[in-house]
Amino acid sequence: MTHSHTPRAKLAVLTVPAFKDNYLWLIHDGVHAAVVDPGDGAPILEALRTNGLRLTAILLTHHHADHTGGVPDLLAHARVPVFGPRHDGIAAVTEPLAEGDRITVPGLGLELSVLDVPGHTRGHIAYVRRDGEIGAGTHWLFCGDTLFGAGCGRLFEGTPAQMVDSLAKLAALPDDTLVYCAHEYTLSNLRFAEAVEPANQALQLRLRADSEQRGRKLPTIPSTIAIEKATNPFLRAGEPGIQASLAAVGKLAPGADRVAAFAALREWKNVF
Ligand SMILES: [Zn+2]
């Protein structure tokens with residue numbers, strides 16, 4: 001008996017818009033597909049049909065309805081495992097996960113590792129692909145509502161200190177990691193970032209590029225960890241320029257630490 005080596009088909013990520021500004025992500029190899037955070041089932045079923053894909057897994061980052069609402073419809077269509085956070089109270093999860101876990105996504109042979117990133121919700125997790133083929137575009141992060149383009153999620157269940165830790169874990173990923181977050185909030189986040197850090201050249205370039213992108217009705221997502229580190233104020237709360245901006249508007253006392261600066265930024269953004 002002989003064994004022939006079949007090279008694995010290249011994996012790709014399809015952007016499936018839903019609701020007003022959500023992105024649902026469909027990871028596929030041309031045959032099988034796994035969906036990340038299906039807030040709605042209908043657009044995923046449509047994308048599966050259009051692209052001739054068979055659903056093999058559901059991956060969830062946190063419990064909010066705009067990330068999980070499509071699960072019942074998808075399970076009615078295909079009985080697939082549901083990967084998700086161990087500590088976020090999601091009844092549909094069949095494969096509970098927490099930091100340090102590694103999974104192989106059924107049908108895709110895709111290995112993902114899990115990070116705990118509490119803050120937006122208590123049990124929020126992120127999925128990281130670290131072992132992509134050599135070359136650009138093969139490190140992936142699916143981070144739900146933790147890190148956004150030029151922003152971060154609101155603190156519904158966690159503390160500023162937890163969110164600072166969670167964002168630091170994501171910022172420590174390789175620079176070329178593609179950031180697949182769950183919402184198109186980038187332009188509004190960039191306008192806030194510009195108010196906070198008006199002299200940041202990388203931020204000005206991004207604002208121009210992403211405004212053009214949105215002008216053509218194209219997504220600004222995925223971004224990269226390098227872009228976020230250069231332009232996202234919530235990853236830059238320790239920068240003296242940002243602390244000076246916060247102090248200038250009376251939102252931060254001199255000598256405050258990074259967590260206090262982050263908390264002040266988050267509160268300022270909530271009312272910006
Ligand atoms: Zn959420």
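Residues numbered from 1 in each chain as written. Predicted model: local features only at pLDDT ≥ 70, side-chain atom pairs only at ≥ 80, totals over all residues. Heavy atoms only, no water.

Trainee: What should I look at first to understand the layout of surface pockets in this one?
Mentor: In this approach, a probe sized like a water molecule rolls over the atoms, and the result shows the empty space that is left. Each pocket or cavity is described by its volume, and for the largest pocket that value is around 320 Å³. F148, R154, Y185, R266 and K269 are the residues nearest the centre of the largest pocket, which is lined by 18 residues in total. Looking at the lining of the largest pocket, the elements with two or more residues in it are α5 (186-196) and α9 (258-270). Residues belonging to the lining of the largest pocket are distributed by class as follows: five nonpolar, seven polar and six charged. (1 Å grid on protein atoms, 1.4 Å probe; cavity = no way out; pocket = protein on both sides within 12 Å on 5 of 7 lines; lining within 4 Å. Points joined across faces, edges and corners; volume = space filled by probe spheres on them. Helix = DSSP H or I, 4+ residues; strand = E, 2+ residues; numbered from the N terminus. Nonpolar A, V, L, I, M, F, W, Y, C, P; charged D, E, K, R; others polar.)

Trainee: Please explain the packing of α5 against helix α6 (residues 201-215) as it appears in this structure.
Mentor: Closest axis-to-axis distance for the α5/α6 pair is 10 Å, and the angle between their directions is 155°. Judged by the angle between their axes, α5 and α6 are roughly antiparallel. With respect to the hand of their crossing, α5 and α6 are arranged in left-handed fashion. Facing T186, L187, L190, A193 and E194 of α5, the residues of α6 in contact are L203, Q204, R206, L207, D210, S211 and R214. (Axes fitted to C-alpha atoms, helices over the stretch in contact; angles between N-to-C directions. Parallel < 35°, antiparallel > 145°, perpendicular 65-115°, else oblique. Left-handed = near helix turned anticlockwise from the far one by under 90°. Contact = heavy atoms within 4.5 Å.)

Trainee: Teacher, can you tell me more about the pattern of salt bridges here?
Mentor: Opposite charge on two side chains permits them to pair, given that their charged atoms come into close proximity. Inspection of every chain in the model, using the stated rule, returns nine salt bridges. The closest approach of N and O atoms between D175 and K229, which form a salt bridge, is 2.7 Å. Highlighted residues: D175 in the loop between α4 (160-171) and β13 (178-181) and K229 in helix α7 (residues 225-231), separated in sequence by 54 residues. Taking relative accessible area as the criterion, D175 reaches 43% and is therefore assigned partly exposed. K229 gets classed as partly exposed once you look at its relative accessible area, which sits at 34%. R206 serves as the salt-bridge partner of E228, at 2.8 Å between the closest nitrogen and oxygen. Here R206 lies in helix α6 and E228 lies in helix α7, a separation of 22 residues in the sequence. Taken as a pair, E228 and R206 share a single burial class, namely buried. One salt-bridge network, held together by shared partners, links R206, D210 and E228. (Salt bridge = Lys/Arg side-chain N within 4 Å of Asp/Glu carboxyl O. Buried < 20%, exposed > 50% of the residue type's maximum accessible area, 1.4 Å probe, protein only.)

Trainee: I keep staring at the packing of aromatic side chains and nothing clicks. Help me out?
Mentor: Aromatic rings in a pair are described by how distant their centres are and how their planes are angled relative to each other. Summed over the entire model, instances satisfying the criterion amount to 10 aromatic pairs. Between F148 and Y185 the ring centres are 4.9 Å apart and the planes differ by 75°, which places this aromatic pair in the edge-to-face class. Placement of F148 in strand β11 (residues 147-148) and of Y185 in the loop between β13 and α5 is noted, with a sequence separation of 37 residues between them. The partly exposed category is assigned to Y185, whose relative accessible area is 29%. (Phe/Tyr/Trp six-rings, centres within 6.5 Å; stacked < 30°, edge-to-face > 60°.)

Trainee: Please explain the sheet that holds strand β6 (residues 95-97) as it appears in this structure.
Mentor: The pairing of strands in a sheet happens through backbone hydrogen bonds and is either parallel or antiparallel. Read across the open sheet, the six strands follow the order β1-β2-β3-β4-β5-β6; overall the sheet is mixed. One side of each edge strand has no neighbouring strand; the edge strands of this open sheet are β1 (12-18) and β6. On average, each strand axis in the sheet is tilted by 25° relative to the strand beside it, whichever way the strands run. For β1 and strand β2 (residues 22-28), the ladder comprises seven bridges, and the chain directions are antiparallel. Paired with T15 across the bridge in β2 is W25. (Pairing = 2+ DSSP bridges.)

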